[in-house]
Amino acid sequence: MNRRFLIIMIFFVSIGCAQTADDKAVGSQLPNSLRGLLIEEMQAIATSMDVIFRAIIAGEHDQVAQQAQAIHDSFIMAQKMTDEDSEILEKTLSAAFIERDEAFHHLSEHLAEAARKKDLSLQIKLYQEMESACIACHQNHALDRFPNLKSISVNH
Ligand code: HEC
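Here the residue numbering is sequential within each chain, running from 1 through the sequence in written order. Residue-level local features of this predicted model are given only where pLDDT is at least 70; pairs of side-chain atoms are given and counted only at 80 or more, and the full residue set underlies all totals for whole chains, interfaces and linings.

> Is there a simple way to think about the packing of helix α3 (residues 32–57) against helix α4 (residues 61–73) in this case?
Angle between the axes and distance between the axes are the two parameters that describe a pair of packed helices. Axis lines are fitted to C-alpha atoms, over the contacting stretch for helices. Their N-to-C directions set the angle, which ranges from 0 to 180 degrees. Helix and strand assignments follow DSSP, with helices taken as H or I runs no shorter than four residues and strands as E runs no shorter than two, numbered in order from the N terminus. Where α3 contacts α4, the two axes come as close as 9 Å, and the packing angle between them is 160 degrees. With respect to their mutual orientation, α3 and α4 come out roughly antiparallel. Crossing geometry of α3 relative to α4 is assigned as left-handed. For the pair formed by α3 and α4, the contact residues are Ile 45, Ser 48, Val 51, Ile 52, Ala 55 and Ile 56 on the first element and Gln 63, Val 64, Gln 67, Ala 68, Ala 70 and Ile 71 on the second. Each residue is assigned to one of three groups, with Ala, Val, Leu, Ile, Met, Phe, Trp, Tyr, Cys and Pro labelled nonpolar, Asp, Glu, Lys and Arg labelled charged, and all others, Gly among them, labelled polar. The residue makeup of the contact of α3 with α4, split by class, is nine nonpolar, three polar and no charged. Here is the rule for angles: anything less than 35 degrees is roughly parallel, anything more than 145 is roughly antiparallel, 65 through 115 is roughly perpendicular, and the remaining ranges are oblique. With the far helix as reference, a near helix turned anticlockwise by less than a right angle produces a left-handed crossing, and one turned clockwise produces a right-handed crossing. The contact criterion used is a C-beta to C-beta distance within 7 Å, with each C-beta placed from the backbone.

The structure is reproduced here in structure tokens:
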């Protein structure tokens with residue numbers, strides 16, 4: 001490896017590390033009003049996940065569909081945000097965070113579809129995938145709120 005290449009490598013690795021370190025605590029980088037909206041959205045999602053769990057184990061497809069759709073549509077942040085808020089979010093949130101958020105909302109859409117088709121095993125599979133998505137995002141972007149996730153190794 002020649003020297004110039006090595007220096008470039010070190011440069012990129014250090015940028016990478018800096019970004020990851022910041023990114024692990026998205027909440028505390030947001031102004032209070034936006035963090036409040038994020039927390040509100042998270043609490044609504046957590047409530048829906050509880051309701052969905054009870055509905056899945058009871059075979060209540062309609063309820064699963066309704067709640068999963070609610071998660072999908074639950075961009076409380078998007079609904080209540082001003083243009084200025086969106087600008088701040090754009091500056092604060094990394095591409096990786098946005099990708100995870102989108103993937104998560106896609107999963108909830110799939111779950112709603114599986115419930116409408118009354119496909120119970122697919123509902124169970126997607127519910128588990130959603131749980132993994134919660135943990136993955138919290139571990140990668142919310143370590144200040146969930147410090148216990150720091151040392152837990154999960155495949156994602
Ligand atoms: C795309 C990222 C992302 C996904 C996906 C995600 N979360 Fe979160 N969640 C966060 C962040 C960031 C915080 C920390 C906010 C803060 O620091 O105040 C958080 C915080 C929370 C909180 C704590 C709210 C409080 O009262 O302080 C709960 C509960 C929660 N999430 C539930 C969930 C559940 C349940 C799922 C999956 C079904 C989920 N989250 C998926 C990013 C995510």
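Here the narrative resumes, following the displayed structure.
> What exactly am I supposed to notice about the confidence of the model for the chain here?
Regions with low pLDDT should not have their predicted coordinates read in detail. Per-residue confidence from the predictor is reported as pLDDT, a score between 0 and 100. Chain-level statistics for the chain give a pLDDT mean of 85 and a share of 81% at 70 or above. The lowest-confidence element of the chain is helix α1 (residues 3–23), averaging 48 in pLDDT; the highest-confidence one is helix α8 (residues 120–141), averaging 97. Long-range and interchain partners of residues 5–21, a stretch whose pLDDT sits below 50, account for two contacts in this model, where long-range means more than four residues apart.

> How should the nonpolar core be read in this particular structure?
Proteins that are soluble and globular tend to have nonpolar side chains buried together. Core analysis: the biggest nonpolar cluster contains 13 residues, and Ile 52, Val 64, Ala 65, Ala 68, Leu 111, Ala 112 and Ala 115 have the highest contact counts within it. Contributions of two or more residues to this core are made by α3, α4 and α7 (95–116). When residues no more than four places from it in sequence are discounted, the contact partners of Ala 115 are His 61, Val 64, Ala 65, Ala 68 and Gln 123. Buried Ala, Val, Leu, Ile, Met, Phe, Trp, Tyr and Cys residues form a nonpolar core when they are connected through C-beta atoms within 7 Å. Here a residue counts as buried when 20 or more other C-beta atoms sit within 10 Å of its C-beta, as exposed when there are 12 or fewer, and as partly exposed otherwise, the C-beta atoms being derived from the backbone.

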